[in-house]
Amino acid sequence: MEDRQEKISQVVVTAGQMRDIEKRIFAAGMPVVALMEKVAGLIARRIPEVLSNTSFLRGSCIGILVGPGHNGGDALVVARELYFRGHEIWIYSPFSKLKELTSQHLQYAQSLGIPIYQTIEQLPNSDLLIDGLFGFGLERNLTDPIASAINQLNELSVPIYSIDLPSGLHTDTGEVLGTAIRATHTFCLGLWKLAFFQDQALEYMGKAELIDFDIPLVDVEAVLKDAPRIKRITPATALDTLPLPRPPVTHKYKEGHLLLICGSRRYAGGAILTGLGARASGVGMLSIAVPESLKSLLVSHLPEALIVGCPETETGAIAQLQLPENTNLSSFNAIACGPGLTRDATPIVQEVIKSERPLILDADGLNILAQMGAIATLKKRQAVTVLTPHTGEFERLFPDVTDAKHDRVKAVQEAAAQSEAVVLLKGARTAIANPQGAVWIIPESTPALARGGSGDVLTGLLGGLLAQAATKQISVEDIVATAAWWHSQAGILAAQERTELGVDAFTLTQYLMKALT
Ligand SMILES: NC(=O)C1=CN([C@@H]2O[C@H](COP(=O)(O)OP(=O)(O)OC[C@H]3O[C@@H](n4cnc5c(N)ncnc54)[C@H](O)[C@@H]3O)[C@@H](O)[C@H]2O)[C@@H](O)CC1
Ligand SMILES: [K+]
């Protein structure tokens, strides 16, 4: 049973897929009316539990917002149940045409004497609103009068609990269709919908939770079988990989040798942070190539690493990779290149791209790649490439794919497919795609990580894990997702203990180990 729940919690679907899954359940004999009763019953039982953590008092008034479809039907069943539990209830039902089942529930609510209002002006005060205006059936933009009603409801500063998703959001892109309910809490029904992982939707979601209504896994599998999977990374999936297993008998080179290429006279700290991120990965051997003038600084911070001082340009960037004798780029299990390089290190990036080792490009590594023409350049690579752009870098790398501000998941899928690289698009919900179209989503993070240097830490951590993975039969995509999850968790833990303002990048490196123990 727990296994089923875990599997369900990893699934992310589009509106179309959700509809197909429901169709199978109905075709198998589950009556629509019974499913609505079951789902709404679960929500009605969950609401008092959520409210018990707030200052909401028994007997307080609850307003129910009812739309024309089955999202409205769900809301009406919730209204009826809360009414029988002793709450004062009113219903806002502004639509004249309702789906059959919804209409029946409205009729019954009316027969119970629950007041029903058609216009926003008539609404009495309430202590809580339940939003059942639209669910995954919303496809076109909201217009007046419902759009302005939503705007007014948002202004009331009354908590709003949304059923399935905040009304007005596109289920797949998370786009605001005209306007949308700003929920305090959202009960996502059955399976996680894509909108919950699109950055643009997050400020409307409030706290989101999944209401599992026992969708059989066979139906999920049957609908998703040919589609590229979108996988939500859970603690169970990430901790399945971490800490990376080590055999009892091994040696440092068997546990991965990572080469970091980073830093410049201008950005010395970035090199240190990248190194500290790599240290936390547990990588067997760490070499760091920096401009010669940074060498002693790096040695003092990372005494265990082999610091390779390189000749530098007049501006203090690496001019030439001068690896130790008997070493070349093929000596490493993975290479991570970019933090703090400056664009003056362009020849270095050109050289590492030609290597046949797994390569992570970040920061100036990405800016230089963008100038070279990302897609054409990456397609020539034999070994795997991992790119870790934030939205700005992503747009410079991939000017011709779907706008990442409009649909991050689609954008990252297209970028990975076209460049044949694994692309990690940083954000509040970091999304990772492989060239085959599969996506991994990091479902939690913290704004505390929006801070200079935190990306450098991720690059080092990811590099260290990737170097180790080479000997451990773990896929590159799983390693990238695991690194991003770990980085987020360290940020969350640090923010809990030190506030969101207390998570500078150095502190973050100190929390990486803590997040796993
Ligand atoms: N089918 C079921 O029994 C189940 C349904 N569920 C609920 O059903 C919802 C989906 O139900 P529906 O498919 O009926 O869709 P919705 O309830 O999301 O709304 C669709 C209705 O809104 C209208 N509409 C769409 N865009 C509009 C616009 N811009 N302005 C005005 N009207 C617009 C449509 O014509 C349609 O009548 C889910 O989100 C969920 O809440 C879940 O409870 C699971 C079980
Ligand atoms: K809703």
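Residues numbered from 1 in each chain as written. Chains lettered and ligands numbered in written order. Predicted model: local features only at pLDDT ≥ 70, side-chain atom pairs only at ≥ 80, totals over all residues. Heavy atoms only, no water.

### A look at the coordination of the potassium ion (ligand 2)
Let me state the cut-off plainly: Water is not part of the atom set, so a site may look incomplete; the donors themselves are N, O and S atoms within 2.8 Å of the metal, or 3.2 Å for Na, K and Ca. Labels for metal geometry use angle windows, namely 85 to 135 degrees for all angles of a four-donor tetrahedral site, and for square planar (four donors) or octahedral (six donors) sites opposite donors over 155 degrees apart plus all others within 65 to 115; sites meeting none of these are irregular. The helix count covers DSSP runs of H or I at least four residues long, the strand count covers runs of E at least two residues long, and both are numbered beginning at the N terminus. Here the term buried applies to any residue with accessible area under 20% of the maximum for its type, exposed to any over 50%, and partly exposed to those in between, with areas from a 1.4 Å probe on protein chains only.
Protein coordination of the potassium ion (ligand 2) is provided by N71 (OD1), D131 (O), F134 (O), I163 (O), L165 (O) and S167 (OG), with donor distances spanning 2.7 to 3.1 Å. For the potassium ion (ligand 2), the six donor atoms are set out with angles of 68 to 174° between them, so the coordination reads as irregular. In primary-sequence terms, the residues that donate to the potassium ion (ligand 2) follow N-x59-D-x2-F-x28-I-x1-L-x1-S. Note that D131 is positioned in strand β5 (residues 128-132) and I163 in strand β6 (residues 160-163), a separation of 32 residues in sequence. Assigned by exposure class, D131 and I163 land together as buried.

### Things to note about the packing of helix α4 (residues 70-84) against helix α5 (residues 100-111)
Worth spelling out the cut-off: In this analysis an axis means a line fitted to C-alpha atoms, helices contributing only their contacting stretch, and an angle means the value between N-to-C directions, from 0 to 180 degrees. When describing relative orientation, an angle under 35 degrees is termed roughly parallel and one over 145 degrees roughly antiparallel, while 65 to 115 degrees is termed roughly perpendicular and anything else oblique. Should the near helix be turned anticlockwise from the far one by less than a right angle, the crossing is termed left-handed; should it be turned clockwise, right-handed. Contacts are residue-level and defined by heavy atoms, with any inter-residue pair within 4.5 Å sufficient.
In contact at an axis separation of 8 Å, α4 and α5 are set at 25° when each is read in the N-to-C sense. Judged by the angle between their axes, α4 and α5 are roughly parallel. Crossing of α4 over α5 shows left-handed handedness. Across the interface between the two elements, H70, G72, G73, L76, V77, R80 and F84 of α4 pack against L101, T102, H105, L106 and Y108 of α5.

### Some thoughts on the pattern of salt bridges
Filter applied, for reference: Just to be clear on terms, a salt bridge is a Lys or Arg side-chain nitrogen sitting within 4 Å of an Asp or Glu carboxyl oxygen.
The full count for this structure, using the stated rule, is 23 salt bridges. With a shortest N-O distance of 2.7 Å, R46 and E209 are connected by a salt bridge. In this pair, R46 is assigned in helix α3 (residues 32-51) and E209 in strand β9 (residues 207-211), connecting sequence segments 163 residues apart. The partner of E255 in a salt bridge is K472, and the shortest N-O contact between them spans 2.6 Å. Taken together, the residues span a long stretch of sequence, with E255 in the loop between α9 (235-241) and β11 (257-261) and K472 in the loop between α17 (454-469) and α18 (476-498) at a distance of 217 residues. A single burial state applies to E255 and to K472, both of which are buried. Look at the salt bridges and you will find they share partners, linking R4, K38, D212 and D214 into a network.

### Notes on the domain arrangement of the protein chain
Definition in use: Boundaries of every domain are those given by an automatic assignment or by a domain database. Polar contact is the term for a pair of N or O atoms within 3.5 Å; when the atoms are in protein, one must be able to donate a hydrogen and the other to accept it, and sequence-neighboring residues count only if both atoms are side-chain atoms.
Segmenting the protein chain into domains produces domain 1 (2-227) and domain 2 (235-247 + 276-281 + 333-514). Domain 1 and domain 2 are separated by 35 Å when their C-alpha centres are compared. Every contact between the two is made by eleven residues of domain 1 and, on the other side, twelve residues of domain 2. The tally of links between domain 1 and domain 2 comes to one salt bridge. D199 is paired through a salt bridge with R408; the nearest N and O atoms lie 3.6 Å apart. Taken together, domain 1 and domain 2 are joined by five residue pairs in polar contact (both at pLDDT 80 or more).

### A word on the sheet that holds strand β3 (residues 88-92)
Rule in force here: The criterion for strand pairing is that DSSP finds at least two bridges linking the strands in question.
What the seven strands build is an open sheet, ordered β4-β3-β2-β5-β6-β7-β9; its pairing is parallel. The strands lining the two open edges of the sheet, one partner per strand, are β4 (116-117) and β9. Lying on the sheet, helix α6 (residues 146-155) is in contact with β2 (61-66), β3, β5 and β6; it crosses β3 at an angle near 150°.

### With respect to the state of the cysteines
Spelled out, the test is: We call a pair of cysteine sulfur atoms a disulfide whenever their separation is within 2.5 Å.
Evaluation of the coordinates by the stated rule reveals zero disulfides. Sulfur of C262: no disulfide; nearest cysteine sulfur belongs to C337 and is 8.5 Å away.

### Some remarks on the nonpolar core
Taken as a class, soluble globular proteins show a tendency for nonpolar side chains to be buried jointly. The condition is simple: Note on terminology: a nonpolar core comprises buried Ala, Val, Leu, Ile, Met, Phe, Trp, Tyr and Cys residues joined through side-chain atoms within 4.5 Å.
Membership of the largest hydrophobic core comes to 58 residues, with the highest contact counts inside it found for L258, L260, L286, I288, L298, I432 and L465. Secondary structure elements with two or more residues in this core: β11, α10 (268-280), β12 (285-291), β14 (334-337), β17 (422-425), α17, α18 and α19 (505-514). Once residues within four sequence positions are removed from consideration, L286 is found in contact with H257, L258, L260, G275, A278, R279, L302, A305 and L306. One finds C337, L366, I368 and V401 within the second-largest nonpolar core, a separate group that totals 57 residues.

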